[in-house]
Amino acid sequence: MLISSSQVFAAPVEIKFSHVVAENTPKGQMALKFKELVEQRLPNEYQVNVFPNSQLFGDNNEVAALLLNDVQFVAPSLSKFERYTKKLQIFDLPFLFSDMEAVNRFQQGESGQKLLGSMKRKGIVGLGYLHNGMKQLSASSPLLLPTDASGKKFRIMASDVLAAQFQAVDAIPVKKPFSEVFTLLQTRAIDGQENTWSNIYSKKFYEVQSYITESNHGVLDYMVVTSNTFWKSLPADKRAIIKTALDEAVAYGNEIAAAKVNKDKETIVASKRSEIIQLSPEQRQQWVTAMKPVWSQFEAKIGKNLIQAAEASNKQ
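Residues numbered from 1 in each chain as written. Predicted model: local features only at pLDDT ≥ 70, side-chain atom pairs only at ≥ 80, totals over all residues. Heavy atoms only, no water.

With an unreviewed UniProt entry as reference, the chain is termed TRAP transporter substrate-binding protein, source organism Shewanella nanhaiensis. Turning to the chain, the UniProt record has this under Sequence similarities (unreviewed entry): "Belongs to the bacterial solute-binding protein 7 family." (UniProt positions renumbered as here; feature names shortened; annotations may be inferred.)

The following block contains the structure:
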């Protein structure tokens, strides 16, 4: 039998979205919403396959995989872009942002939007910011003052700023992949880590950490990126549809992130597996005083004007 050309359909273009966290996190839900929207609006043309929990690549090599076109979308934490631009180190500076509202004001403002294009020369296109939340400190012993961290090992992402942050309180930063953190904590190979309520809950860190200090000392956000090569390869009309779908998915993920902050914290408290430590204003100020010199240490690389713009976001 002869088959007419109108009956022959090309297979949909596969878009791989790789990330390193659980599906029940804001990032995981954002990626699934992106898949839903793209396949709904471009049926039989594009198929989005989401790979959570480091199924394809860990957080230390997912950007390299993107540049090799082994995946088309990733959403690493902002710390992961250090080798591609020093400007994004601003998000790792301790105690820079007062809350997530300040973070959002900065990211959506002129300076924050310019940062999305800061890696174009390296072949990376920033498409949007995804929130996770403010970071807390967890440890196997109470952390009330900076001196309590002295000599203890804390897992960090591969970030020079985060290394300097813990060195400022005489702690020992240990750069390890996110996928290894639970085991490192469980076996006491490290003493603690920093993370958001969402990640502490979804990865069950609270089950192997006796204490969590509500420090809100930093922000853990992500940037959704693709490669310049892949992005330019898309027909302009399809690219516009995919970008709109991503914008809506990111907004959806950010709504979940905001709602999960208190919910996940309350679940951890109810479990009674980990004691939540509330710092007094005086105690918190000691942490600020100890860590704030990190700002000047990286000011030349990040840019003084950029840091000032971030500080200004706290005052609105």
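Participant: Any chance you could explain the nonpolar core here in plain terms?
Facilitator: If you look at soluble globular proteins, the nonpolar side chains tend to sit buried side by side. Judged by nonpolar contacts, the single largest core of 60 residues is most densely connected at Phe17, Met30, Phe34, Phe73, Ile242 and Trp287. Setting aside chain neighbours within four positions, we find Trp287 in contact with Phe95, Leu137, Leu143, Leu144, Leu145, Pro146, Ala149, Val169 and Leu279. Formed by 36 residues, the second largest nonpolar core is a distinct cluster that contains Leu66, Phe97, Ala164 and Leu306. (Core = buried A, V, L, I, M, F, W, Y, C linked by side-chain atoms within 4.5 Å. Buried < 20%, exposed > 50% of the residue type's maximum accessible area, 1.4 Å probe, protein only. Contact = heavy atoms within 4.5 Å.)

Participant: When you look at unusual backbone geometry in this model, what are you seeing that I'm missing?
Facilitator: In this structure, Ser54 is a non-glycine residue whose phi angle is positive, near 60°. Inspection of the secondary structure puts Ser54 in the loop between strand S2 (46–51) and helix H2 (62–67). (Helix = DSSP H or I, 4+ residues; strand = E, 2+ residues; numbered from the N terminus.)

Participant: How do you make sense of the packing of helix H5 (residues 160–167) against helix H11 (residues 293–302) when you look at a structure like this?
Facilitator: Packed helix pairs are characterised by how far apart their axes lie and by the angle those axes make with each other. Running from N to C, H5 and H11 cross one another at 150°; their axes reach a closest spacing of 9 Å. The angle between H5 and H11 falls in the class roughly antiparallel. For the crossing formed where H5 meets H11, the hand is right-handed. From H5, Asp160, Val161, Ala164 and Gln165 reach across to H11, where they touch Val294, Gln297 and Phe298. Classifying every residue of the contact of H5 with H11 by side-chain character gives 4 nonpolar, 2 polar and 1 charged. (Axes fitted to C-alpha atoms, helices over the stretch in contact; angles between N-to-C directions. Parallel < 35°, antiparallel > 145°, perpendicular 65-115°, else oblique. Left-handed = near helix turned anticlockwise from the far one by under 90°. Nonpolar A, V, L, I, M, F, W, Y, C, P; charged D, E, K, R; others polar.)

Participant: What am I meant to see in the packing of aromatic side chains here?
Facilitator: The geometry of two aromatic rings is summed up by the distance between their centres and the angle between their planes. Going through the model one piece at a time under the given rule, you end up with 12 aromatic pairs. Where Phe73 meets Trp231, the ring centres are 6.3 Å apart and the plane angle is 90°; that geometry is what we call edge-to-face. With a gap of 158 residues between them, Phe73 in strand S3 (residues 73–74) and Trp231 in helix H8 (residues 228–233) connect regions that are remote in the sequence. With relative accessibility at 12%, the residue Trp231 sits in the buried group. Each residue in the set Phe17, Phe34, Phe73, Phe230 and Trp231 is aromatic and connected to the rest through ring pairs, giving one cluster. Stacked on the ring of Tyr252, the Lys or Arg Lys33 has its end atom at 4.7 Å from the ring centre. (Phe/Tyr/Trp six-rings, centres within 6.5 Å; stacked < 30°, edge-to-face > 60°. Lys NZ or Arg CZ within 6 Å of the ring centre and 35° of its normal.)

Participant: Explain the sheet that holds strand S7 (residues 172–175) to me, please; I cannot follow it from the model alone.
Facilitator: Strand pairing in a sheet is mediated by backbone hydrogen bonds. Such pairs are either parallel or antiparallel. The strand order across the open sheet built from 6 strands is S7-S6-S8-S5-S9-S11, with neighbouring strands paired in mixed fashion. Because the sheet does not close on itself, it has two edges, and the strands there are S7 and strand S11 (275–278). Each adjacent strand pair in this sheet contributes to an overall mean axis angle of 30°, direction not counted. Bridge analysis of strand S6 (residues 153–156) against S7 gives 4 bridges, and the strand direction is parallel. Residue pairing across strands places Phe154 opposite Pro173, the latter belonging to S7. Against the sheet, H5 contacts strand S5 (136–139), S6, S7 and strand S8 (192–195), and its axis sits at roughly 155° relative to S7. (Pairing = 2+ DSSP bridges.)

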